Protein chains: 2
Amino acid sequence: MNQRGILTVISGFSGAGKGTLIRELLSRYPQRYALSVSATTRSPRPGEENGREYFFVTKEEFEKRIRDGGLIEYAQYVENYYGTPKDYVDEQLEAGKDVILEIEVQGALKVKEKFPDTLLLFVTPPGAAELENRLRGRGTESEEVILNRLRQASREASFMDRYDYILVNDKLEVCAEELHALISSQRLRMSANAAFITQMKKELERYCM
Amino acid sequence: MNQRGILTVISGFSGAGKGTLIRELLSRYPQRYALSVSATTRSPRPGEENGREYFFVTKEEFEKRIRDGGLIEYAQYVENYYGTPKDYVDEQLEAGKDVILEIEVQGALKVKEKFPDTLLLFVTPPGAAELENRLRGRGTESEEVILNRLRQASREASFMDRYDYILVNDKLEVCAEELHALISSQRLRMSANAAFITQMKKELERYCM
């Protein structure tokens, strides 16, 4: 059965380990998943590669994509645009790959509104103290940055209830397998099997004639 | 975390292998699952044991349970009552066990109406021809009984869309693991983690003061 892939949006607190979790999932099941790469108008930082971290485009190109409906969602931060290109996601879903989008809460809810079949996942550490530990553990950020992240987390927490599932990222391997089981299960949703169900009904009707 | 268990209702065509599938699940994860046993007013058949196949009760006892709200759902076939006792299910869910109910479509939809968090699963063979093969393969039923079952399957198929998930029972072991992954995933639903989420929000609020 060449089933269309599942679109999964992953959000979560800064420090919850979303990036590590997604990398772990992709390295475990490279044939199964495709990671969506965002487009942005900001300049590449040293070491960043076009098509890997981001697709780097001009402001004009980005605004043309907005007008053409070429973005699943987009947002503007300071003077730069960030968005999710539609063609890549569509191609991968059509090819039967499950596509992962890592985006913040506002964008995630916009995607769900537009595509109600999207699986919305929220990643969190086991508790606030652990979140603080992880943020401090990086050892690279100032006290102010850490406190800002924690306040940001508190604001994001008010949106958690609007997600479908929660993933408590305690042990990375366990969490990656939970994530994989969760996405795999979505392939068994009734709505993802409409063609099979229609066929089954048609075949069974023969016995009623 | 002593999380409440998940209530799962399994329906499916006669010949889909529901019974075998459920036994396989329970033998793989005996600590995790509890199978709900129905109450009935019909007489035990040779070899049937009270509390194993059914709880055998009198008509008066059954009707008292109906009046007392002691049944999750019930139905009357010919002159006999069949129903799902509430206490056992509640006890098991409270103890953190995932409870499996095997009931037909009408009853399943009644349960979902009453308890919207119930996971509704529909089990089907990979196609109508395979269903017919399995029914014939038993070698114990008359042509008329087989055709009746297939017509019954056709009527039941019209309710499939109202289920949450479909399980195609092709290979028993694969299907049992899909079933287990599906139920396990439901423990990650936002609605199943309200206490954790409330606690997380409360802890994070401290950073905003």
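The following refers to the structure shown. None of the values given here were measured: they were computed from a predicted structure. (Residues numbered from 1 in each chain as written. Chains lettered and ligands numbered in written order. Predicted model: local features only at pLDDT ≥ 70, side-chain atom pairs only at ≥ 80, totals over all residues. Heavy atoms only, no water.)

**A closer look at the sheet that holds strand β3 (residues 38-40) of chain B**
Strand pairs in the sheet, formed through backbone hydrogen bonds, run parallel or antiparallel to each other. All names here are of chain B. Taken in spatial order, the four strands of this open sheet run β4-β3-β6-β5, and their pairing is mixed. On the outer flanks of this sheet lie β4 (54-56) and β5 (71-77), each paired with one strand and no other. Neighbour-to-neighbour, the strand axes of the sheet open up by a mean angle of 25°, direction not taken into account. Note that β3 and β4 share three bridges and pair parallel. Each residue of the ladder has a partner; that of Thr 40, found in β4, is Phe 56. (Pairing = 2+ DSSP bridges. Helix = DSSP H or I, 4+ residues; strand = E, 2+ residues; numbered from the N terminus. Axes fitted to C-alpha atoms, helices over the stretch in contact; angles between N-to-C directions.)

**Quick look at the pairing of strand β1 (residues 7-12) of chain A**
Residues and elements named next belong to chain A. Of all six residues in β1, six are buried, a share of seventy percent or more. Burial along β1 is two-sided: the residues Leu 7, Val 9 and Ser 11 and Thr 8, Ile 10 and Gly 12 are all buried. The pairing of β1 with strand β7 (residues 98-102) spans four bridges and is classified as parallel. Note on β7: the bridge partner recorded for Leu 7 is Val 99. (Buried < 20%, exposed > 50% of the residue type's maximum accessible area, 1.4 Å probe, protein only.)

**Describing the relation of the copies chain B and chain A**
Taken together, a rotation about one axis and a shift along it account for how the two chain copies relate. Each copy of the sequence occupies a distinct position, and chain B is placed on chain A by a rotation of 180° and an axial shift of 0.0 Å, giving an RMSD of 0.0 Å. What the rotation and shift describe, once combined, is the action of a two-fold rotation axis. In terms of proximity to the rotation axis, the leading residue of chain B is Ala 181 of chain B, whose C-alpha is 2.9 Å off the axis. When the interface residues of chain B are mapped onto chain A, 98% of them are again interface residues, pointing to one common binding face. (Least-squares fit on C-alpha atoms with pLDDT ≥ 70 in both. Contact = heavy atoms within 4.5 Å.)

**Thoughts on the interface of chain B and chain A**
Taken together, the contact between chain B and chain A spans 44 residues of the former and 43 residues of the latter. When the buried area of chain B at its contact with chain A is split by residue, Leu 188, Met 190 and Tyr 207 of chain B rank highest and sum to 21% of it. Taken together, chain B and chain A are joined by two salt bridges. Of the charged contacts, one joins Lys 201 of chain B and Asp 161 of chain A as a salt bridge, the two residues approaching to 2.6 Å between their closest N and O atoms. Among the elements of the structure, β8 (119-124), α5 (128-137), α6 (143-157), β9 (165-168), α7 (172-186) and α8 (194-205) of chain B are those that each provide at least two residues to the side of chain B that touches chain A. Top element by residues in the side of chain B that touches chain A is α8 of chain B. It accounts for seven residues. (Buried area = accessible area lost by both parts, 1.4 Å probe. Salt bridge = Lys/Arg side-chain N within 4 Å of Asp/Glu carboxyl O.)

**Quick look at the environment of Asn 133 of chain B**
Residue position: Asn 133 of chain B is located in helix α5. Residues Asn 133 of chain B and Thr 20 of chain B, 113 residues apart in the sequence, show an inter-C-alpha distance of 17 Å.

**Focus: the packing of aromatic side chains**
If you walk through the whole model with that rule in mind, you get 18 aromatic pairs over all chains. Consider the rings of Tyr 74 of chain A and Tyr 81 of chain A, whose centres lie 6.2 Å apart with planes at 70°: the pair is edge-to-face. An aromatic cluster is defined as three or more aromatic residues linked by ring pairs; in this entry it consists of Tyr 54, Phe 56, Tyr 77 and Tyr 82 of chain A. When the ring centre of Tyr 74 of chain A is taken as origin, the NZ or CZ atom of Lys 110 of chain A, which lies over that ring, is 6.0 Å away. When the ring centre of Tyr 207 of chain B is taken as origin, the NZ or CZ atom of Arg 206 of chain B, which lies over that ring, is 5.3 Å away. (Phe/Tyr/Trp six-rings, centres within 6.5 Å; stacked < 30°, edge-to-face > 60°. Lys NZ or Arg CZ within 6 Å of the ring centre and 35° of its normal.)

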